[in-house]
Amino acid sequence: MWRKALAALVVLVACIALYRFVWTPFHCNYVRGRVTRLTADAWKDAGSFRSREMAMSNAVAISDCLARCKTDYALQMLAGSNFELIGRNEAAVAMYEEALRNNPRPEIYLALGIMQTKMGQRDAALKNFIRAGEFSGTSILLDIPDGALRWEAYRVVGARLDVAAAAMHQPRRNNIANARFESGADRWQPINGATATIESSQRRPSGRTLHVVANRADGGVQQIWPSANATPRVMTSAWVFVRRGRVYLGSGNGHVPLANATSTTTGKWERLEGVNETCPASMTILAAATADGADFLIDEVSATKTFAAPPCE
């Protein structure tokens, strides 16, 4: 008698195991595939009544599988995506956060950041965008819909990539010729009535600096690069010693905005650094940012390719 009972127990355990470890995953895989297609269709018509109805139906369809497959991050991503379509923002965030706990993938960080942006949680969103970029590189950051957050995420992630490249001794060409003025003022063109003369450097022993005097805004010097040097995004930097006024530095294609960084001090050396906004960069300018001009020294100018900004559109 006990043998029959034991056999029945074994069959029962086998059935439970079969249901739990075979049928349930198989069924949820089927549901996931079907709902993935339906979710994509719902997003094509996002904002419409039809899309909302589809999203609500999708959320119901995967609710049972979510309860049974608690570590299935793909199901949790699908749930978050459909909650987002029907305006259940907090539920969407909760699903994305749960998915991250099960599998910290860059696309989940991105989705969570986009949801937090919609909810006005910009600081939290930026942190998640940065994490996405650190996992998979800057290309994923192109999908950030908010332009300001996209630029900031590129700035942080790209700057770290620049540092990593430098640490691996991957030098990048300086697009600036005569960057330390060894050849006097050669290749530097005064603009808007400014004057430019060479002086001995008080910053670098035996070095030279370029002394610029401008009597109006945008007076300064520029260097137009050879056409072969045009680069989509560059990090431009220079040391300036401002005696009067304020000075801006920038690279670009000649259209505004030209200023990528502006001085904040006088009477001491200050390093200006910024990424071009107009693309591709084909020139560099240092000029007065104040209406009555500026008096300033320039030293060690560079413009090198950078990851710290989105690609040119």
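Attention in this report is confined to the structure presented alongside it.

The rules behind each value
- Residues numbered from 1 in each chain as written.
- Predicted model: local features only at pLDDT ≥ 70, side-chain atom pairs only at ≥ 80, totals over all residues.
- Heavy atoms only, no water.
- Phe/Tyr/Trp six-rings, centres within 6.5 Å; stacked < 30°, edge-to-face > 60°.
- Buried < 20%, exposed > 50% of the residue type's maximum accessible area, 1.4 Å probe, protein only.
- Helix = DSSP H or I, 4+ residues; strand = E, 2+ residues; numbered from the N terminus.
- Lys NZ or Arg CZ within 6 Å of the ring centre and 35° of its normal.
- Salt bridge = Lys/Arg side-chain N within 4 Å of Asp/Glu carboxyl O.
- Disulfide = S-S within 2.5 Å.
- Expected span 1.5 Å × (residues − 1).
- Contact = heavy atoms within 4.5 Å.
- Axes fitted to C-alpha atoms, helices over the stretch in contact; angles between N-to-C directions.
- Parallel < 35°, antiparallel > 145°, perpendicular 65-115°, else oblique.
- Left-handed = near helix turned anticlockwise from the far one by under 90°.
- Nonpolar A, V, L, I, M, F, W, Y, C, P; charged D, E, K, R; others polar.
- Polar contact = N/O pair within 3.5 Å; in protein donor to acceptor, adjacent residues only side chain to side chain.
- Pairing = 2+ DSSP bridges.

1. Section: the packing of aromatic side chains
Right, on to step 1. Summed over the entire model, instances satisfying the criterion amount to three aromatic pairs.
Right, on to step 2. Taking the centre distance of 5.8 Å and the plane angle of 45 degrees together, the rings of F181 and W188 count as tilted. With respect to burial, F181 and W188 carry one shared label: buried.
Right, on to step 3. Geometrically, the ring pair formed by F241 and W269 is edge-to-face, given 5.6 Å between the ring centres and 70 degrees between the ring planes. Note that F241 is positioned in strand β5 (residues 234-244) and W269 in strand β8 (residues 269-275), a separation of 28 residues in sequence.
Right, on to step 4. Accessibility expressed as a relative area gives 21% for W269, which makes it partly exposed.
Right, on to step 5. When the ring centre of F83 is taken as origin, the NZ or CZ atom of R88, which lies over that ring, is 4.4 Å away.

2. A closer look at the pattern of salt bridges
Right, on to step 1. With the rule as written, the count across this model stands at 15 salt bridges.
Right, on to step 2. Between E300 and R203 there is a salt bridge, and its shortest N-O distance comes to 2.6 Å. With a gap of 97 residues between them, E300 in strand β10 (residues 294-305) and R203 in the loop between β2 (195-200) and β3 (208-214) connect regions that are remote in the sequence.
Right, on to step 3. Residue classification places E300 among the partly exposed residues on the basis of a relative accessible area of 25%.
Right, on to step 4. Given the relative accessible area of 25%, R203 is considered partly exposed.
Right, on to step 5. Because the salt bridges share partners, they merge into one network encompassing R180, R203, R204, D299 and E300.

3. Quick word on the state of the cysteines
Right, on to step 1. Tallied over the full model, the rule gives one disulfide.
Right, on to step 2. A sulfur-sulfur distance of 2.2 Å marks the disulfide that ties C279 to C312. With the S-S dihedral at roughly -75 degrees, the linkage between C279 and C312 falls on the left-handed side. Of the two residues, C279 sits in the loop between β8 and β9 (283-288) while C312 sits in the segment after β10, which places them 33 residues apart along the sequence.

4. A short note on helix α4 (residues 89-102)
Right, on to step 1. Here α4 is 14 residues long and its end C-alpha atoms lie 20 Å apart, about the 20 Å a rise of 1.5 Å per residue gives.
Right, on to step 2. Taken as a whole, α4 has its buried residues at A91, A92, V93, M95, Y96, A99 and L100.
Right, on to step 3. Of the surrounding secondary structure, the elements contacted by the buried residues of α4 are α2 (49-68), α3 (73-85) and α5 (106-118).

5. A closer look at the packing of α2 against α3
Right, on to step 1. Axis separation between α2 and α3 bottoms out at 9 Å; the angle between their running directions is 150 degrees. Between α2 and α3, the angle falls in the class roughly antiparallel. As α2 runs across α3, the sense of the crossing is left-handed. Here α2 contributes S51, A55, N58, A59, I62, C65 and L66 to the contact with α3, which in turn contributes L75, Q76, L78, A79, N82, F83 and L85.
Right, on to step 2. Split into classes, the residues belonging to the contact of α2 with α3 amount to 10 nonpolar, four polar and no charged.

6. Let's talk about the environment of L100
Right, on to step 1. On the secondary structure map, L100 appears in helix α4.
Right, on to step 2. Taking the C-alpha atoms as reference points, L100 and Y73, 27 residues apart in sequence, are found 7.3 Å from one another.
Right, on to step 3. In this structure L100 touches R105, I108, Y109 and L112, once residues within four positions along its chain are discounted.

7. Observations regarding the side chain of R233
Right, on to step 1. Checked against the element boundaries, R233 lands in the loop between β4 (220-224) and β5.
Right, on to step 2. A relative accessible area of 8% means that R233 is categorised as buried.
Right, on to step 3. Within the structure, the side chain of R233 is placed 3.2 Å from the backbone oxygen of E277, a separation counted as a polar contact.
Right, on to step 4. Once residues within four sequence positions are removed from consideration, R233 is found in contact with W151, V275, N276, E277, C279, T304, K305, T306, A309, P310, P311 and C312.

8. Points about the pairing of β5
Right, on to step 1. Strand direction decides the pairing type here: β5 and β10, joined by nine bridges, are antiparallel. What sits directly across from R244, in β10, is D295.
Right, on to step 2. Sheet topology places β5 next to β8; seven bridges connect them, and they run antiparallel. Note on β8: the bridge partner recorded for M235 is V275.

9. Observations concerning the packing of α5 against helix α6 (residues 122-136)
Geometry of a packed helix pair, given as the angle between the helix axes and the separation of the axes.
Right, on to step 1. One way to put it is that α5 packs onto α6 with a least axis distance of 8 Å and a crossing angle of 160 degrees. What the angle tells us is that α5 and α6 run roughly antiparallel. Seen along the crossing, α5 lies across α6 with a hand that is left-handed. Together, P106, Y109, L110, L112, G113, I114, Q116 and T117 of α5 and R122, A124, A125, N128, F129, R131, A132, F135 and S136 of α6 make up the contact between the two elements.
Right, on to step 2. When its residues are assigned to classes, the contact of α5 with α6 shows 10 nonpolar, five polar and two charged.

Take it as geometry only, folks, not as evidence of what the structure does.
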